[in-house]
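Each chain, written out:
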Amino acid sequence: MNRRKFLQTGSALLAPGVAQASPESGRPNILILFADQFRMDCLGANGNRLIKTPNLDRLATGAANFSNHYVQAAVCVPSRISYLTGRYPHSHKNRVNYTPCDPREVMIQRIFSEHGYLTGSAGKLHFYPPTNEHARSTGFDRVYLDDGVQATDPYSDYVRWRKLHDPKPDISIYTPARNVAPGKNPYHSDVDYEFTVTHWTGMQSVKLLREFCASPKPFFLYSSFFKPHSPHVVFSPYDSMYDDVEIPLPTLATPDDIRKLPLPVQKQIARSPLYEIDRTRLQWMYRSYYAGISMVDHEMGQILDELERSGKAENTIIVFATDHGDQLGEHGLEGKNVLFEASVHTPLLVRFPNRVVAGRYSQLVAAVDLLPTLLELCGLPASDHVQGQSFAPLIAGDAGHYAAREAVYCENIIPEVFAPPARIGSSSYHPFVPGRGVEGILHPDAKMIRTKRWKLNYYPTCDGELYDLENDPGETRNLWGDAATAEVQRDLKAKLLNWLITADQNDQIAERWLV
């Protein structure tokens, strides 16, 4: 009997510190604190001495803090669905933003709901259709929804709330004020902080948490913030928090640097270029990005304080995670949608008092690993269709029963980035033609494999990327095609092919014949 089947019998002897699944002991609660576009190096607990994240740093002191956690897509929706299903983007097929998820995909909130949990979400979900009703159909009992995208405002609970409560509801939260004094933050907004979506998300999260903690049932709460995602609009007092801080800026890429990259990467950089940005403007962008993180940290602190007041903190698994990072000018690019470390290497904290051993963990882990980990910590079985690998034994004091990953994988499909129909007629519209691709790129897709030392990014019909991350952590020297690393390149391509062939094996092989 394999380990998964053993757990399913209900008689498994779980790893030390892993919660038993009996009604008498009570299953642990789950609180997921999620941010959008949050860089690995923008957390005080991860070594950043300039940024102000006291609440997440407080969480980190009692948590497993992963140094090498990687998301499975460098764009919001595919990455989020990988977290929620434990499956890779090419399997769940949510490859681009605002496309419907296959209703056969089972998300984590559905699993916990079916095991008697109260389930709730506050903030950004990024599902399609972007409605409260659809979100509840995926397994949430309660939903307070805002996706942070103007096109979805008609479906936003936050937008309706703001119209009722903000005395200045017509001021846009998406654009800076026009009256910013010279030398002050050009990303300042005149919207009062108490009416921002960041504060609203924190407020609704606290409301749900208070409600759930009053019930004898365990709960699963997903608190999801839009910040620090662009636009980098910030609000008083956070707009001036970093005025006197000189944040180290990346070396700006030159056009010659960019021309050395594979064609899909060049085109993505051309869409959101920062290689010619004024350095003063870039400094304000960084300050505002930091300010957005400090806003989120404050609200997450309010949620953590409410959990402490409830008396249920000791039996609650707390996760802090994000869907991807942000280039912020590295390699000449703003945003993400590439496979550089700034976009795919992200923070992950997991806290479970007296069960999870706090400390730094250097093992490679993936976003798809979180779902099976949480299920195992709660004594619940994971479906055979889950592709992630539980790291519960690693962090619960039973590392001898944990087989460390040799590699993590990421995927990035680009047609959505520079060919959405909404841009028809604009200079940024480049149509995808089946069989011909986009402007000379037959299939604008990419697959990444990252081992302890190496990273390989593969693009069909184009040159790729190969980086020695031990000796070139900034990914400045592309070794693709270099004779000295030819064997490494062949080996990584073979591993990538093996992963693509075997990742879906449980979907493709029937458990039994029909006759």
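Residues numbered from 1 in each chain as written. Predicted model: local features only at pLDDT ≥ 70, side-chain atom pairs only at ≥ 80, totals over all residues. Heavy atoms only, no water.

Counting 84 residues, the largest nonpolar core has Phe-66, Phe-112 and Phe-391 as the members making the most contacts within it. Element by element, the count of residues in this core is highest for helix 13 (residues 370-377), at five residues. Residues within four places of Phe-391 in sequence aside, it is in contact with Phe-66, Leu-348, Val-350, Val-365, Asp-369, Leu-370, Thr-373 and Tyr-402. (Core = buried A, V, L, I, M, F, W, Y, C linked by side-chain atoms within 4.5 Å. Buried < 20%, exposed > 50% of the residue type's maximum accessible area, 1.4 Å probe, protein only. Helix = DSSP H or I, 4+ residues; strand = E, 2+ residues; numbered from the N terminus. Contact = heavy atoms within 4.5 Å.)

With that settled, consider helix 2 (residues 54-61). All of the buried residues along helix 2 are Asn-55, Leu-56, Leu-59 and Ala-60. Buried residues along helix 2 cover an arc of 145° about the axis, so they all sit on one side. Exposed and facing more than 90 degrees away from the buried side of helix 2 are Pro-54 and Thr-61. Where helix 2 is buried, its residues contact strand 2 (64-70), helix 11 (279-310), strand 8 (316-322) and strand 9 (349-351). (Arc of directions from axis to C-beta.)

We now examine the pattern of salt bridges. In the structure shown here, the tally under the stated rule is 27 salt bridges. In this structure, the salt-bridge partner of Glu-330 is Arg-39, at a minimum N-O distance of 2.7 Å. In this pair, Glu-330 sits in the loop between strand 8 and helix 12 (341-344) while Arg-39 sits in the loop between strand 1 (29-35) and helix 2, placing the two residues 291 residues apart along the sequence. Among the residues examined, Glu-330 registers a relative accessible area of 24% and is labelled partly exposed. By relative accessible area, Arg-39 is classed as buried at 5%. In this structure, a network of salt bridges that share partners links the residues Asp-36, Arg-80, Lys-124 and Asp-323. (Salt bridge = Lys/Arg side-chain N within 4 Å of Asp/Glu carboxyl O.)

Along the chain, Thr-152 falls in the loop between strand 4 (142-145) and helix 7 (157-165). In this structure Thr-152 comes out as buried when scored by relative accessible area, which is 7%. Sequence-distant contacts of Thr-152, defined by excluding residues within four places in its chain, comprise Tyr-98, Pro-130 and Asp-147.

With that out of the way, let us pick up the packing of aromatic side chains. Under the criterion given, the structure shown has 16 aromatic pairs. One aromatic cluster in this structure is built from Tyr-158, Trp-161, Phe-195 and Trp-200. Lying across the ring of Tyr-187, Arg-281 places its NZ or CZ 4.7 Å from the centre. Cation over ring: Arg-287 sits above Trp-284, and NZ or CZ is 4.5 Å from the ring centre. (Phe/Tyr/Trp six-rings, centres within 6.5 Å; stacked < 30°, edge-to-face > 60°. Lys NZ or Arg CZ within 6 Å of the ring centre and 35° of its normal.)

Our next topic: the packing of helix 2 against helix 11. Look at helix 2 against helix 11: their axes get within 7 Å of each other, and the N-to-C directions meet at 50°. On the basis of the axis angle, helix 2 is oblique to helix 11. Across the interface between the two elements, Pro-54, Asn-55, Leu-56, Arg-58 and Leu-59 of helix 2 pack against Asp-297, His-298, Met-300, Gly-301, Leu-304 and Asp-305 of helix 11. By residue class, the composition of the contact of helix 2 with helix 11 is five nonpolar, three polar and three charged. (Axes fitted to C-alpha atoms, helices over the stretch in contact; angles between N-to-C directions. Parallel < 35°, antiparallel > 145°, perpendicular 65-115°, else oblique. Nonpolar A, V, L, I, M, F, W, Y, C, P; charged D, E, K, R; others polar.)

In this model, the protein carries a mean pLDDT of 90, and residues with pLDDT of at least 70 account for 90%. Every residue in residues 1-25 scores below 50 in pLDDT, and together they form 38 contacts with partners more than four places removed in sequence or on other chains. (pLDDT = per-residue confidence, 0-100.)

As a further point, take the state of the cysteines. The tally for this structure, following the rule as stated, stands at zero disulfides. Residue Cys-378 stays outside any disulfide, its sulfur separated by 15 Å from that of Cys-213, the closest cysteine. In this structure Cys-378 comes out as buried when scored by relative accessible area, which is 0%. For Cys-462, which is in no disulfide, the shortest distance to another cysteine sulfur is to Cys-410 and amounts to 17 Å. (Disulfide = S-S within 2.5 Å.)

On to the sheet that holds strand 1, then. As summarised here, the arrangement of the eight strands in space is 4-3-6-1-8-9-2-10, forming an open sheet in which the pairing is mixed. Each having just a single partner strand, strand 4 and strand 10 (359-366) make up the two edges of the open sheet. Here the average twist between neighbouring strands, direction ignored, is 15°. Two elements, strand 2 and strand 9, share two bridges in a ladder whose sense is antiparallel. Bridging across to strand 9, Ala-64 finds its partner in Val-350. (Pairing = 2+ DSSP bridges.)

Attention now moves to the pairing of strand 13 (residues 454-458). With four of five residues buried, strand 13 lies mostly within the body of the structure. Examined bridge by bridge, strand 12 (residues 445-450) and strand 13 share four bridges and lie antiparallel to one another. Each residue of the ladder has a partner; that of Met-448, found in strand 13, is Asn-457. Between strand 12 and strand 13, which pair antiparallel and follow one another directly, the connecting turn spans three residues. Of the pairings in the sheet, the one linking strand 13 to strand 14 (residues 465-468) comprises four bridges and is antiparallel in character. Directly across from Lys-455, in strand 14, lies its bridge partner Tyr-467. Counting the residues between successive antiparallel strands, the hairpin from strand 13 to strand 14 contains six residues, one of them, Thr-461, with a positive phi of roughly 65°.

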